[in-house]
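Chain residues, written in single-letter form:
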2 protein chains.
Amino acid sequence: MPTYKAPLRDIRFLMNEMFDFPAHYQTLQNGENADPDTVEMILEGAADFCENVLSPIYHSGDEEGCHFKDGEVTTPKGYKEAYDQFVQSGWQGLSYPEEFGGQNLPMSLNLIKSEMMGTANWSFTMYPGLSMGCMNTIMQFGTEEQKNTYMPHLVEGTWSGTMCLTEPQCGTDLGQVKAKATANDDGSYLISGTKIFISAGEHDLTENIIHIVLARLPDAPQGTRGISLFIVPKFLINEDGSIGERNGVSCGSIEHKMGICASATAVLNFDQAKGYLIGEPNKGLHAMFTFMNTARIGTAVQGLAHAELSFQGSLPYAKERLSMRALSGKKEPEKVADPIIYHADVRRMLLTQKAIAEGGRAMIYYAAQIADKMTDALAQGDQAKFDEYDDKLGFYTPILKGFLTELGLEAANLGMQVYGGHGYIKEQGMEQIARDARIATLYEGTTGVQALDLIGRKVLLSSKGKVVREYTGEILKFCGRHARNKYMRRFAWDLTKICAQWNALTVRILLAARKDRDIVSSASVDYLMFSGYAMMAYFWAQQAATASEMLETGKGKETTEFYKAKIKVADFYFERLLPRAQGHAESMVNPSSTLTSLPADHFSFDY
Amino acid sequence: MPTYKAPLRDIRFLMNEMFDFPAHYQTLQNGENADPDTVEMILEGAADFCENVLSPIYHSGDEEGCHFKDGEVTTPKGYKEAYDQFVQSGWQGLSYPEEFGGQNLPMSLNLIKSEMMGTANWSFTMYPGLSMGCMNTIMQFGTEEQKNTYMPHLVEGTWSGTMCLTEPQCGTDLGQVKAKATANDDGSYLISGTKIFISAGEHDLTENIIHIVLARLPDAPQGTRGISLFIVPKFLINEDGSIGERNGVSCGSIEHKMGICASATAVLNFDQAKGYLIGEPNKGLHAMFTFMNTARIGTAVQGLAHAELSFQGSLPYAKERLSMRALSGKKEPEKVADPIIYHADVRRMLLTQKAIAEGGRAMIYYAAQIADKMTDALAQGDQAKFDEYDDKLGFYTPILKGFLTELGLEAANLGMQVYGGHGYIKEQGMEQIARDARIATLYEGTTGVQALDLIGRKVLLSSKGKVVREYTGEILKFCGRHARNKYMRRFAWDLTKICAQWNALTVRILLAARKDRDIVSSASVDYLMFSGYAMMAYFWAQQAATASEMLETGKGKETTEFYKAKIKVADFYFERLLPRAQGHAESMVNPSSTLTSLPADHFSFDY
């Protein structure tokens, strides 16, 4: 049974040695709050909470699941107590403004806290996680009155929030949303419709739940240009700010899911529920997209979280389980057999998990710095700068979300595989991680949706490949700086090749798409995965560069082995995982006709 | 919710048009029983049973699971009735000798029946499936008395059987088996020990359960050379053949598993249980290996089964679900959006599932013909011929088991992916397939074990690569025959290249292994997957060849579209799945040191 231990050594490596978060924080308006001592206190406090409060209820929460009765949802044993402790420690307000009771720390610290919490217990973390979408929306688009009404409670965590987008007939294609809003005389609205898949849509953790709901005004244009956003609280708020009567929104049921069973996924019925318009009429989807990147990066974290947790479960098992002898001879001759960690193939699995977890973490932490800069620009009211960083993050987002969640699922499955048959048994705890990881490629836009966003919107339409040229240009500069370092030579060379290939593939598809528009879809997932492997290679090379610098300058003398291990895992990544990019490269350039020319009725002649 | 429909058109294509089973059956001793009318009757009877009896209790059996109370196991609602019907229809005895009440039909028909049953309901199929291992062991190694005591009931299906190998401390490494057998005065033995993961180890479907148990005699040598086989019935048999008193074997619990929840996986405690030696003392493991290939091919079927069922679930959904518009323009403009089957990326997923299911089926049916020839040689007492076919099957087995179960899991996950978020919801039925498919890469030897068997035993040790040279030689002859056919040219060319590469990689690893013994393990899974992609390419090319012949000769005029679709899917396979082999090729040739040189204690510095 994996029990979470926060990987603080690796986190500190990224924050202090590789990305220089202390210097980064000094560039931010709210950076002075994030002095090294405070950051250290937050890391250790989060680790303590995750290891001792969230981790112990991870498996039991899955076994018990959420309970639904008469419209009420009860979370599993221990979740309410853990949530209360979360609120009391002020974790929810970490990166929210002081005027609403928050601690106004950079957004990246919030993300790193969420990574730890999500790794310890993803289901739990979804409850406060969904509130963030709600808070961000209200902060950005709400009136002063709306902010003052809702934010203090949301920031405190005594209220929580949701995002109500999906309906039975549509998820990705939000233009099909049917929920309706009609105006009352007092400026409020009545909302009616059914929303499904609402994470944290109903539960017993907070006094109130604030739903952000997509719905149509009576005169709204069809499609995506006719969707507005509404605040619909579960309990109406009295004029004095106290909680009033129950609103017309009820939970019809909760879903029975493959995993994340301790997270309540609600069907919400809005029946003339009182709501308040937020932002401009018919501009709801646009508002929604403002925080799309940060929300999706929050989900991308799940990839590394489940890779990490699964690795934490399989590593000790591989050291303990005795089976057969290593091919190169007995390693522990006094035992009846060698621990399976001495089998090269078992190491291949462990190192794959480790490379995904640590490579993913590096990618996320870098994105977190961009998110900090975005938030900073927003706070300074600098829209141009905000847009610049948002564009930059927009290129990373689909790669991080699509690629990391696919690899996280692979890593979670490898964790089971290390256990052999025992991995399939619930009490070992490994299969839960694989079930929990499975949702990550589906929600917040499937891998296919991320892939189309990347190649269609970010690479081809909006930049004609420029974004890839610029990004690979940055990588090539890095290669130039490190080409002569003995540890770095091979990484620089492989990176140079993959950058050239990335640009060539982009141009090839750009040209092909002029005649073959479906190729943008047929190539999309291969393009996403290729991009992911290339990008992760860059982040592994950066980790190796930092490690080799620490070794060469003797700065990290006391933990030499840590840096040597980093370089070895980078080696592993380049030799064993990066080659997969070639299969994707070869596959994506084929014309779409192989996929599109088979008539729909000829997919089967039997059923 | 997928409901199973037997893919009879595809099955008939393989049996009648591609592999010419009618001619094949004429070469077998028992082939005259398998005349075309009988075969047809069996296919339709099996389809009817699977579609109308087994499929309807697939999902409900998962929801309910097996019940354990006071050592007794109750199977889910409807399983006992379905099993009784299975017995009454004589399905268990299909390929077993007439002297024991069977129908003496070729083994391949049994496998095809099992494929249909397993696709409709894998959990159910495990109960009669485990009996086969038991029956094969008794038939081959039992005394006349043992055969007469057990076989008629097992063939009838009123008794079932198990294979009791695994113990808590060992699964793969059976040399560690601790169960003990001591001799009684009457020639029987007393067996004591704990066996785990015993599929069908306890249940309410049959009157008796006959366990085949691995245990050690008191004077047995250590390790694998000291293991004997015993027959241990749940209920002892009276002299008149009737069922007597309860034996000293009891079910301590059943496992809570990720999937195949309707299949009872028992912990069995043997406490001075009466047993009977079968075969020679200390030669138990050797006997066990006699049927290893056929048992593992039985498990390989799971790969294609879950690919097929998942495809059957996702295809209608993709035709119905409306979301967005195809990139090349509206396909069904009268609807609010296009069915998702018009998105090229959705087709990529569907075609991957289809290519795996149909490619896997072709591979299995070919192996089934070899199994027929083996059984035929055995019946004729021709050991040399048996060994020859066993060797041939020995090359296919790890590829089929390892590769097809990995791809089956991928296909099952793609089935969920086609559904988007709905795929994660239990009532849709798609996530069950992914959970059920997950066991296939773990039991009957993990993928890693298959890979080591392939590259270590089958390719390097016993043949120094000859087996690959011979197999690719066969493929190259095929290429020669088809090089000028307009449909076949590109397949012949790609196959020629991959054959050359397969041989080159084999030689390269053979040479490297002289100095770097761990490379056999470090390269193993990549080698297995490369071999699988190459082999499946050959079987897709063969399907295309048959289809193009049917088109050219006008033989299949009435189903022209079926053959055209076959060729298109072969195209898809070569363009979109075969390229993955390149990543494996590039990865496997790297030295093992990247994997082995990291000290076990340096895999983590945090835990």
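No experiment lies behind these values; they were computed from the predicted model shown.

Scoring rules and cut-offs
Residues numbered from 1 in each chain as written. Chains lettered and ligands numbered in written order. Predicted model: local features only at pLDDT ≥ 70, side-chain atom pairs only at ≥ 80, totals over all residues. Heavy atoms only, no water. Helix = DSSP H or I, 4+ residues; strand = E, 2+ residues; numbered from the N terminus. Contact = heavy atoms within 4.5 Å. Pairing = 2+ DSSP bridges. UniProt positions renumbered as here; feature names shortened; annotations may be inferred. Buried area = accessible area lost by both parts, 1.4 Å probe. Salt bridge = Lys/Arg side-chain N within 4 Å of Asp/Glu carboxyl O. Polar contact = N/O pair within 3.5 Å; in protein donor to acceptor, adjacent residues only side chain to side chain. Patch = residues over 30% accessible without salt bridge, like charges linked within 9 Å, V, L, I, M, F, W, Y side chains within 5 Å. Areas by Shrake-Rupley, 256 points an atom, 1.4 Å probe, with all protein chains shown as cover. Lys, Arg positive; Asp, Glu negative; His and termini not counted. Charge placed at Lys NZ, Arg CZ, Asp CG, Glu CD.

1. A word on the environment of tryptophan 159 of chain B
Alright, step 1. Position of tryptophan 159 of chain B among the secondary structure elements: in strand S3 (residues 159-164).
Alright, step 2. Beyond its immediate stretch of four places on either side in the chain, tryptophan 159 of chain B contacts Tyr83, Ser131, Thr149, Tyr150, His153, Leu154, Thr206, Glu207, Asn208, Ile210, Ile237 and Ile243 of chain B.

2. Regarding the pairing of strand S11 (residues 265-278) of chain A
Residues and elements named next belong to chain A.
Alright, step 1. As judged from the eight bridges shared by strand S5 (residues 189-199) and S11, these two strands associate in the antiparallel manner. Considered in S11, the bridge of threonine 194 is made with asparagine 269.
Alright, step 2. One ladder, built from three bridges, connects strand S7 (residues 228-233) with S11; its direction is antiparallel. Looking across to S11, one finds that phenylalanine 230 is bridged to leucine 277.
Alright, step 3. Here strand S10 (residues 249-254) runs beside S11; their pairing, made up of five bridges, is antiparallel. Along S11, the bridge assignment pairs cysteine 251 with leucine 268.

3. A closer look at the UniProt feature "domain: Acyl-CoA oxidase/dehydrogenase middle" (unreviewed entry) in chain A
Alright, step 1. Annotation from UniProt places "domain: Acyl-CoA oxidase/dehydrogenase middle" (unreviewed entry) at residues 163-272 of chain A.
Alright, step 2. In this annotation, residues 163-272 of chain A is assigned 0% helix and 47% strand; the end-to-end C-alpha distance for the span is 18 Å.

4. With respect to the interface of chain B and chain A
Alright, step 1. Facing 107 residues of chain B, the contacting portion of chain A comprises 107 residues.
Alright, step 2. Across the interface of chain B and chain A, roughly 9100 Å² is buried in total on both sides, 59% from carbon and sulfur atoms.
Alright, step 3. If you sort the residues of chain B by the area they bury against chain A, Tyr424, Phe603 and Tyr607 of chain B come out on top, with a joint share of 10%.
Alright, step 4. Across the chain B-chain A interface, the total number found is zero salt bridges.
Alright, step 5. Viewed at the interface, chain A and chain B are joined by 60 residue pairs in polar contact (both at pLDDT 80 or more).
Alright, step 6. Ranked by residue count, the leading element in the side of chain B that touches chain A is helix H19 (residues 560-577) of chain B, at eight residues.

5. Description of a negative patch on the surface
Alright, step 1. A cluster of like negative charges, contributed by Asp382, Asp387, Glu388 and Asp391 of chain B, occupies part of the molecular surface.
Alright, step 2. By the secondary structure assignment, glutamate 388 of chain B is in helix H12 (residues 383-418).

6. Overview of the UniProt feature "domain: Acetyl-CoA dehydrogenase-like C-terminal" (unreviewed entry) in chain A
Alright, step 1. Feature annotation in UniProt assigns "domain: Acetyl-CoA dehydrogenase-like C-terminal" (unreviewed entry) to the following positions: residues 473-598 of chain A.
Alright, step 2. Span residues 473-598 of chain A is 81% helix and 0% strand, its end C-alpha atoms 40 Å apart.

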